[in-house]
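Structure assessment
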Amino acid sequence: MAQQNMEAKLKNLLKQDKVQLWNPPYTSEDNQPGQQQLQELAEHYAPLLCLSVSEVGHSLEVIRVQAVNRGKENKVFRETSVATLELLLPRDIKKDPKSKNFLETRLDIPTQDLVDRIRHEFQLKHLKLILNGKTLSPDVRLDEQGVKNHSKIMVLRLSDSEWTQQASEDKLKNQNESLHRTQKGFQILSERDGSEDPETTPFLEITDQKGNPLKIPSQEKKALIVAMGFHEKGRSLMKRKQYDDALCHLLQADQHFSKCGSVLLSSVDNYAVLQLDIVWCYRALEALSCLEDGKMRLQRAEQCFLQCYGEQQQRLMMIKGNTGREEVLFLRLYLLQSLLFYIEGNDAQARQQLSKVETLYGRLCLDSEKMAELMALGFSEREARLGLRACNGDLQEAAAQIINRRQEREELKQRERRKRQSRMEAIAALTELGFSRRDTARALHETSGNVDRAYEILLDCSQAAQLTSNNTEGVVSPEKVEQLSYLGFERTVSEAALKLTGGDIQSATQLLLDNQGILSPDFLSMSPPSSLSSPSTEEPSTSSTSTEDSELVNEVLEDISRHEEDYLDVTLEEESELIDTMKTYLHWGDVQTM
């Protein structure tokens, strides 16, 4: 980072003085360095940067070579359409941490071709490519996904220790399968309406910062649950230090959050926390060359926190009565901002943000004896940590606050239990009248639990379905079925074909001929569904599908914390290490002058 900091400062000075290192007298016609002129520049800038002349001279030469090479690469791209991409490789793949890795390629090729080249050249069999925080699709061309000459492409390794015994091709399949299973599992959960038995069927509810359910339009709710599911999975991987896989899941979460309305995103802090987590992964993967994307994400996070919590966190104070627990989010925000300012060469702002970090760290770093006392009273480590931070370290207040939070959570659970029990009783009453459980649940959802109104909807739909059924008798008349049977088609398949074609005998015949007299389940399910079907005994799903859904749901639920404030329960160990690193770097220039 120190090298990046120095080069950023030098580039700012060169730009300010309108010095072009790639032109004479600093670079000759055969691209050789102008030694005397570069030496004079180094002697001029060294006192300004509080560095030795030799260090500044070395950095000037690095910048000069980069500029010359960039000019060559631009010329090659203009003449041949061959672009030069900078690859941000995993740390253990890079032979020299200070060197950069480049790759030349055309941009009108599928991304998969580039993936194959990187696999071969760097012995990386399982990877994803990230550009500006978005995963590149293998089957889409590079230029169609915004890849340009000089683009920086982040290379994420996708292998995992738990797959080391499996064949290499299975590993990539399993990683993609992991993302797919995560999405499918949360989609199943997003479509449940809370009418099932809570003892046997898991159900997710979106709540506010106190745990109260939020009313959200159905489509946005589904997108939000899937987004939050990917986020939870990513956070779970972050805790295990599996940052490559974590980043893949977090970027998936980011895509699903984009399907939610801006009003919704500004009312919950999940989106802001996600942006912090993504940049935290960049830091852990030493991929802070993704500077622009990192800056943009931190700006989004800060703006979202302001909208959710208020300018002086007054909205958060009204909701929760304190702001101590959420301060860990601002500590991480300011710390990452300090880091990015430093990499940009802006030491003054880096120090300013680090000063805020140290102030917060002093408040949030807890007394181990107080932690032990609270845990001795039977409180968990998480409860003790969150309680002390909420009460600024006051032991008695923290204990009272924890007890109060426990009571609030229990009251919410009881209220939700009563609500679901009432809903189940209403469903049972309506299903006894002959309506299907699915349709009953849907009608109650539409009427916010009003049983009488739900019954009216079900009855109306039943009568409409009966009329449709009577009309269908004309469509699938015995005479038409006989005609198709005479042509050699089975009666049941003939009836289905006539239903699908609205009784048109010629269309039904052509449909059967096109499909060799066999209609697949896909065809048989193509009849237009009504909003609510007629009263009937609901057919259970096949046991294999039901079992698979249960396995998926249980799998994804393993990564969801049972505590709504888990994302605020931070030990600050990693933050402490980064604070020490930043303090070393920011005093580094001063040390050189001593």
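Attention in this report is confined to the structure presented alongside it.

Criteria and cut-off values
Residues numbered from 1 in each chain as written. Predicted model: local features only at pLDDT ≥ 70, side-chain atom pairs only at ≥ 80, totals over all residues. Heavy atoms only, no water. Helix = DSSP H or I, 4+ residues; strand = E, 2+ residues; numbered from the N terminus. Buried < 20%, exposed > 50% of the residue type's maximum accessible area, 1.4 Å probe, protein only. Contact = heavy atoms within 4.5 Å. Areas by Shrake-Rupley, 256 points an atom, 1.4 Å probe, with all protein chains shown as cover. Salt bridge = Lys/Arg side-chain N within 4 Å of Asp/Glu carboxyl O. Pairing = 2+ DSSP bridges. Axes fitted to C-alpha atoms, helices over the stretch in contact; angles between N-to-C directions. Phe/Tyr/Trp six-rings, centres within 6.5 Å; stacked < 30°, edge-to-face > 60°. Lys NZ or Arg CZ within 6 Å of the ring centre and 35° of its normal. Patch = residues over 30% accessible without salt bridge, like charges linked within 9 Å, V, L, I, M, F, W, Y side chains within 5 Å. Lys, Arg positive; Asp, Glu negative; His and termini not counted. Charge placed at Lys NZ, Arg CZ, Asp CG, Glu CD. Core = buried A, V, L, I, M, F, W, Y, C linked by side-chain atoms within 4.5 Å.

The subject of this paragraph is the overall build of the protein chain. Counting secondary structure elements, the protein chain contains 24 helices and five strands. A buried classification covers 44% of the 594 residues belonging to the protein chain. Considering only contacts in the protein chain between residues 6 or more positions apart, those separated by 24 or more positions represent 65%. Here the protein chain displays about 31900 Å² of accessible surface, and carbon together with sulfur accounts for 49% of that area.

This part is about the pattern of salt bridges. Any two side chains of opposite charge can pair, given that their charged atoms come close. Tallied over the entire structure, the rule returns 26 salt bridges. Across the salt bridge formed by D569 and R385, the nearest N and O atoms sit 2.6 Å from each other. Residue D569 is found in the loop between α23 (543-557) and α24 (573-592), and its partner R385 is found in helix α15 (residues 381-390); the two are separated by 184 residues along the sequence. Among the residues examined, D569 registers a relative accessible area of 18% and is labelled buried. Given the relative accessible area of 9%, R385 is considered buried. Salt bridges sharing common partners tie together K239, E381, R382, R385, D566 and D569.

On any regular strand, side chains alternate: one points to one face of the sheet, the next to the other face. Burial of strand β5 (residues 152-157) is extensive: five of the six residues sit out of reach of the surface. With three bridges joining them, strand β1 (residues 82-88) and β5 adopt parallel strand pairing. The partner of L88 across the bridge, within β5, is M154. Judged from the four bridges that link them, strand β3 (residues 127-131) and β5 form a sheet pairing that is antiparallel. Residue K128 lies in a different strand from β5, and its bridge partner there is L156.

Moving on, we come to the sheet that holds strand β4 (residues 134-135). Through backbone hydrogen bonds, the strands of a sheet pair up, either in parallel or in antiparallel fashion. Pairing within the open sheet is mixed, and its five strands lie in the order β2-β1-β5-β3-β4. Each of the sheet's edge strands pairs with one partner strand only, and the pair in question is β2 (101-106) and β4. Along the sheet, helix α4 (residues 111-122) makes contact with β1, β2, β3 and β5, crossing β2 at roughly 140°.

We now examine the packing of aromatic side chains. This structure, assessed with the given rule, holds seven aromatic pairs. Consider the rings of Y342 and Y585, whose centres lie 5.4 Å apart with planes at 25°: the pair is stacked. Taken together, the residues span a long stretch of sequence, with Y342 in helix α12 (residues 327-343) and Y585 in helix α24 at a distance of 243 residues. On the basis of relative accessibility, which here comes to 0%, the residue Y342 falls in the buried class. Site record: aromatic cluster; members linked through ring pairs are F305, Y309, F330 and Y334. Here K356 stacks its cationic end above the ring of Y334, 4.9 Å away from the centre of that ring.

One turn of an α-helix holds 3.6 residues; hence residues three or four places apart share an orientation. Every buried residue of helix α20 (residues 491-500) is listed here: V493, S494, A496, A497 and L498. Remark: G502 follows α20 within two positions and exhibits a positive phi of approximately 65°.

Below, the discussion takes up a nonpolar patch on the surface. Taken together, the side chains of L433, Y455 and L459 make up a nonpolar region of the molecular surface, amounting to roughly 260 Å² of accessible area. Following the sequence through the fold, L459 ends up in helix α18 (residues 451-475). Owing to a relative accessible area of 32%, L459 belongs among the partly exposed residues under this scheme.

Our focus in this paragraph is a positive patch on the surface. A cluster of like positive charges, contributed by K11, R70, K100 and K152, occupies part of the molecular surface. Looking at where K100 falls in the secondary structure, it is placed in the loop between β1 and β2. Judged by its relative accessible area of 40%, K100 is partly exposed.

Ranked by size, the top nonpolar core spans 71 residues in total, and within it M154, L247, F305 and L329 carry the most contacts. For this core, the secondary structure elements donating two or more residues are β5, α6 (218-239), α7 (243-257), α9 (270-284), α10 (291-309), α12, α13 (347-364) and α24. The dominant element in this core, judged by the number of residues it contributes, is α12, at 13 residues. Setting aside residues up to four positions removed in sequence, L247 forms contacts with M154, L156, I278, C281, Y282 and L285.

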